Amino acid sequence: MIVQMEHYLVVSALMFFIGVYGFISRKNMIAVLISLELMLNAVEINFSVFNRYLYPERLEGMFFTLFGIAITAAETAVALAIIINVYRHIGDINIRKMNKLKD
Amino acid sequence: MEYSILILITPLLIFLLLGLLGGKLKPVIAGRIGTFGLLCVALLSYVIAYQYFFVEGTVNGKWIEKIPLNFEWLRFTDTLHIDLGILLDPISVMMLVVISTVSLMVHIYSLGYMHGEGGFQRYYAFLSLFTFSMLGLVVATNIFQMYIFWELVGVSSYLLIGFYYTKPSAVAASKKAFIVTRFADLGFLIGILVLSFYTRTFDFGLLTADSASLVVTSMQGASFMGLSVATWALALIFMGGAGKSAMFPLHIWLPDAMEGPTPVSALIHAATMVVAGVYLVARLFTVYFFAAPDVLTMIGYIGAFTALFAAIIAITQTDIKRVLAFSTISQIAYMMVALGVSGYEGHDGLGYMSSMFHLFTHAFFKALLFLGAGSVIHAVHSNEMSDMGGLRKYLPITHLTFLIACLAIAGIYPLSGFFSKDEILSAAFHHDKILYWTLWVVAGLTAFYMFRLYYSIFWGKEKVHHGEHKPHESPLIMTVPLLILALLSCVTGFIPFSKFVSSDNLGFDMHIDMTIALSSIAVAVVGIGVATALYMRGGDLPQKIAQRLGGLYRATFHKFYMDEVWQFITKSVIFKCICAPIAWFDRHVIDATMNGLATVTQKTSASIKGLQSGQVQFYTWIFLIGALVIGILALCV
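Description of the structure in this document. (Residues numbered from 1 in each chain as written. Chains lettered and ligands numbered in written order. Predicted model: local features only at pLDDT ≥ 70, side-chain atom pairs only at ≥ 80, totals over all residues. Heavy atoms only, no water.)

Turning next to the overall build of chain A. From N to C terminus, chain A includes 3 helices and 0 strands. Its C-alpha atoms give chain A a radius of gyration of 17 Å, clearly above 13 Å, the size a compact globule of 103 residues would have. Over its C-alpha atoms, taken along the principal directions, chain A stretches across nearly 50 × 25 × 25 Å. In chain A, buried positions account for 31% of the 103 residues. A sequence separation of at least 24 residues applies to 60% of the contacts in chain A between residues at least 6 apart. Carbon and sulfur atoms make up 72% of the accessible area of chain A, which totals about 7,200 Å². Taken together, the 9 basic and 8 acidic charged side chains of chain A have centroids lying 14 Å from each other. (Helix = DSSP H or I, 4+ residues; strand = E, 2+ residues; numbered from the N terminus. Rg over C-alpha atoms; globule rule 2.2 N^0.38 Å. Buried < 20%, exposed > 50% of the residue type's maximum accessible area, 1.4 Å probe, protein only. Contact = heavy atoms within 4.5 Å. Areas by Shrake-Rupley, 256 points an atom, 1.4 Å probe, with all protein chains shown as cover. Lys, Arg positive; Asp, Glu negative; His and termini not counted. Charge placed at Lys NZ, Arg CZ, Asp CG, Glu CD.)

See below:
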């Protein structure tokens, strides 16, 4: 079976919505962060796939993917640092309790 | 005479010094600084008076208006500007002398009278402020400057009446004085604006020049509600003067103003500030005479009524300061009548001259009466006649000076009151017989109530005085001003006043009209005689007469219920018919609109504030749903 573009897109769409589901339903902030990574990776798959199938002679999509991976890594580091600090302060990483910024 | 500006600057600087740094000074030092400053002011005013009256005041036998200083203070347009300056003419120089002399006496006297009172420095600061404003008022070159100082005088009067600010009655009295005079000043301000709208000037010199021709020509033909505009303007200006000078029906504040310290009553509420209204009418006398003679007639009748009304009330009062207050009202009304019956030019201007003359002599003997009353109050610690009696043994100097003042105000030859009162009666006699007979009766009543006061304080049965301590004569610092003022009350009558002050500034010879002089002395002697018979021994005859008179006596004792009438007018008429609807409109329309807007905003925000829960996952839900809806919509369209 030849792998078509649509197959990739189905996989990325599934990943994205699994990520959305996780983002909305998880209570643990690390689980939420993982869900966020899932969504980002789904988007990056899309970039690569569209670049590979639609414009094979160009490379912008690939570069954007690499760029996105770097950003994601940095963002994850920051997010984990925040989570650790939150845990140190209030001893909990339940996201339902992290609503103090509204005040 | 440019140095005359110092006469204003000195008291102002003392006011600032004592007002700002008074708390750091010792009370006695503050008092001495104030008194020393006033001494300088008094000496300066005597120098000015000498310079004006004997050196440079006349040109061809006519007193001129000297303006040593006049500068533009506030310019609005080319024609509309307000100046400040100093105007010296016979009446303003005469007022300078009166004010600085009486003020100096009061400053010296207060060193003794107010000794040991809290707020001594504040007291002297306010006295200086008052002296500054009063001097500024009399030397004003234009009517607007006069108005500015007029209000300053009102404020300092308010501050001094309410000097004992912990006493509710003093606070109420100061508020009453301020509100009543402010109400009258509203008329004054409107009058000034109407007058200067037509004449395009505030300047006294321009207004009174050439028989007030500027006012007469510029206001010709203009009328409002059947009366000429000139009449309206000048009547409204008189309303301001009536408020300050306590003319009926705006007199109600003056008796209550006696809540202030007694020296303040002597200075402000007897000798100087309350005659500001008379001075105002005198200052604009030419304008009144030529532009609105009917207002002048009205002034005469209001004055005569007030004089009689106040004299009758004075008979029944038992608080010695209140008797003096009503006597002041009555005497100021005398001056008003004199202006009302005055003609213009030469001997016809007798009324004008006699009004100023009476102002001059009255200032000294009335200040003396108040300071004497202060000395009595100092000795017995009470204002009530019933706590006094037989004091002549304990207070010999006060007794003597008080007797001189009583004789002076009763108009007995050769004391000063006789001369000025005689000229007023003579002016009234030649102008209007009704006014003359009213004043004649008032002269008798004056003699009666003054001697009733005198006998009740100094004669009659001795009261038991507070157990251990006997009343004693006041210290020297209080009796010396009394003696100086007593001396002035004796001699000022012999000044040939008409040479210096006259309506056309030309000067004339006055002579004493024997029939009128004899009749006025006769009625005064009758008054004194009746008082002697009733009060000298202190029997109960007065009470019997009072009981016989019944309702009439009670009405008089309650000042003919004028306070209650005003209370009714303000509370039941003005408050209920005008203020209450306005308050309703404010509360139910304007406030309700604002409240409605606020309520709607609050309700809306309350209903949507739950959306901002701080739950990131909830926000994501909303975002997701929104994105999906927009996506579907985009696909459909």
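On we go.
Now for the pairing of strand S4 (residues 81-88) of chain B. All names here are of chain B. Judged by how many residues are buried, S4 sits mostly within the fold: 7 of 8 residues are covered. Sheet analysis places strand S3 (residues 66-75) next to S4, joined by 7 bridges and oriented antiparallel. If you follow Leu 69 over to S4, its bridge partner there is Ile 86. Count of turn residues in the S3/S4 antiparallel hairpin: 5 residues. (Pairing = 2+ DSSP bridges.)

The interface of chain A with chain B comprises 11 residues on the first partner and 9 residues on the second. Applying the counting criterion to the chain A and chain B interface returns 0 salt bridges. The biggest single contributor to the side of chain A that touches chain B is helix H1 (residues 5-25) of chain A, with 4 residues. Of the residues that constitute the side of chain A that touches chain B, the class distribution is 6 nonpolar, 2 polar and 3 charged. (Salt bridge = Lys/Arg side-chain N within 4 Å of Asp/Glu carboxyl O. Nonpolar A, V, L, I, M, F, W, Y, C, P; charged D, E, K, R; others polar.)

All names here are of chain B. One pass over the structure, following the stated rule, counts 11 salt bridges over all chains. Lys 66 is the salt-bridge partner of Glu 56, the closest N and O atoms lying 3.1 Å from each other. Pair noted here: Glu 56 is in helix H2 (residues 27-56) and Lys 66 is in strand S3, with a separation of 10 residues, a long-range link. Within the structure, one salt-bridge network assembled from shared partners comprises Glu 72, Arg 75 and Asp 78.

Residue and element names in this part refer to chain B. With an omega of 0 degrees, the peptide bond running from Phe 248 to Pro 249 counts as cis. With respect to the helices and strands, Pro 249 occurs in the loop between helix H8 (229-244) and helix H9 (253-256). Backbone torsion omega between Tyr 413 and Pro 414 reads 0 degrees, so that peptide bond is classified as cis. Position of Pro 414 relative to the elements: it lies in the loop between helix H16 (396-410) and helix H17 (416-431). In this structure, Ala 246 takes a positive phi of about 55 degrees despite not being glycine. Mapped onto the elements of the fold, Ala 246 is located in the loop between H8 and H9. The backbone of His 381 shows a phi angle near 55 degrees, a positive value even though the residue is not glycine. Looking at where His 381 falls in the secondary structure, it is placed in the loop between helix H15 (350-380) and H16.

With that settled, consider the environment of B:Cys490. Residue and element names in this part refer to chain B. Position of Cys 490 among the secondary structure elements: in helix H19 (residues 476-491). Classification of Cys 490 by relative accessible area gives partly exposed; the value is 26%. Among all residues touching Cys 490, those that are not within four sequence positions of it are Ile 404, Pro 414, Leu 415 and Ser 416.

Residues and elements named next belong to chain B. Taking 1.5 Å per residue as the helical rise, helix H1 (residues 6-21) with its 16 residues ought to reach 22 Å, and the 21 Å between its terminal C-alpha atoms agrees with that figure. Turning to H1, its buried residues are Ile 7, Leu 8, Pro 11, Ile 14 and Leu 18. Taken end-on, H1 shows its buried residues confined to a sector of 140 degrees, consistent with a single buried face. Turned more than 90 degrees off the buried face of H1, the exposed positions are Leu 13 and Leu 20. Each element contacted by the buried residues of H1 is listed here: H2, helix H3 (90-113) and helix H4 (120-138). (Expected span 1.5 Å × (residues − 1). Arc of directions from axis to C-beta.)

Before going further, it helps to examine the state of the cysteines. Within this structure, the stated rule accounts for 0 disulfides over all chains. You can see B:Cys490 has no disulfide; the closest cysteine sulfur is in B:Cys406, sitting 13 Å from it. (Disulfide = S-S within 2.5 Å.)

Structurally, B:Ser265 can be placed in helix H10 (residues 262-271). When near neighbours in sequence (up to four residues on either side) are disregarded, B:Ser265 contacts B:Ala257, B:Met258, B:Gly260, B:Ala270, B:Lys321 and B:Phe370.

A few words on the packing of aromatic side chains. Under the counting rule described, the total for this entry stands at 48 aromatic pairs over all chains. Geometrically, the ring pair formed by A:Phe64 and A:Phe67 is edge-to-face, given 6.3 Å between the ring centres and 65 degrees between the ring planes. You can see A:Phe64 and its partner A:Phe67 sitting in helix H3 (residues 60-90), 3 residues apart, about one turn around the helix. Under the relative-accessibility criterion, A:Phe64 is labelled partly exposed at 46%. With a centroid separation of 5.3 Å and an interplanar angle of 85 degrees, the aromatic rings of B:Phe360 and B:Phe364 are classed as edge-to-face. Highlighted residues: B:Phe360 and B:Phe364, both in helix H15, separated by 4 residues, approximately one helical turn. Given the relative accessible area of 8%, B:Phe360 is considered buried. Taking relative accessible area as the criterion, B:Phe364 reaches 2% and is therefore assigned buried. (Phe/Tyr/Trp six-rings, centres within 6.5 Å; stacked < 30°, edge-to-face > 60°.)

Residues and elements named next belong to chain B. It is the contact of H4 with helix H5 (residues 143-161), at a shortest axis distance of 8 Å, that shows an interaxial angle of 155 degrees. One way to sum up the angle between H4 and H5 is to call them roughly antiparallel. As for how H4 packs across H5, the hand of that crossing is left-handed. Counted together, Tyr 123, Phe 126, Leu 127, Leu 129, Phe 130, Phe 132, Ser 133, Met 134, Gly 136 and Leu 137 of H4 and Gln 145, Met 146, Phe 149, Trp 150, Leu 152, Val 153, Ser 156, Leu 159 and Leu 160 of H5 form the full contact between these two elements. A per-class count over the contact of H4 with H5 returns 15 nonpolar, 4 polar and no charged. (Axes fitted to C-alpha atoms, helices over the stretch in contact; angles between N-to-C directions. Parallel < 35°, antiparallel > 145°, perpendicular 65-115°, else oblique. Left-handed = near helix turned anticlockwise from the far one by under 90°.)

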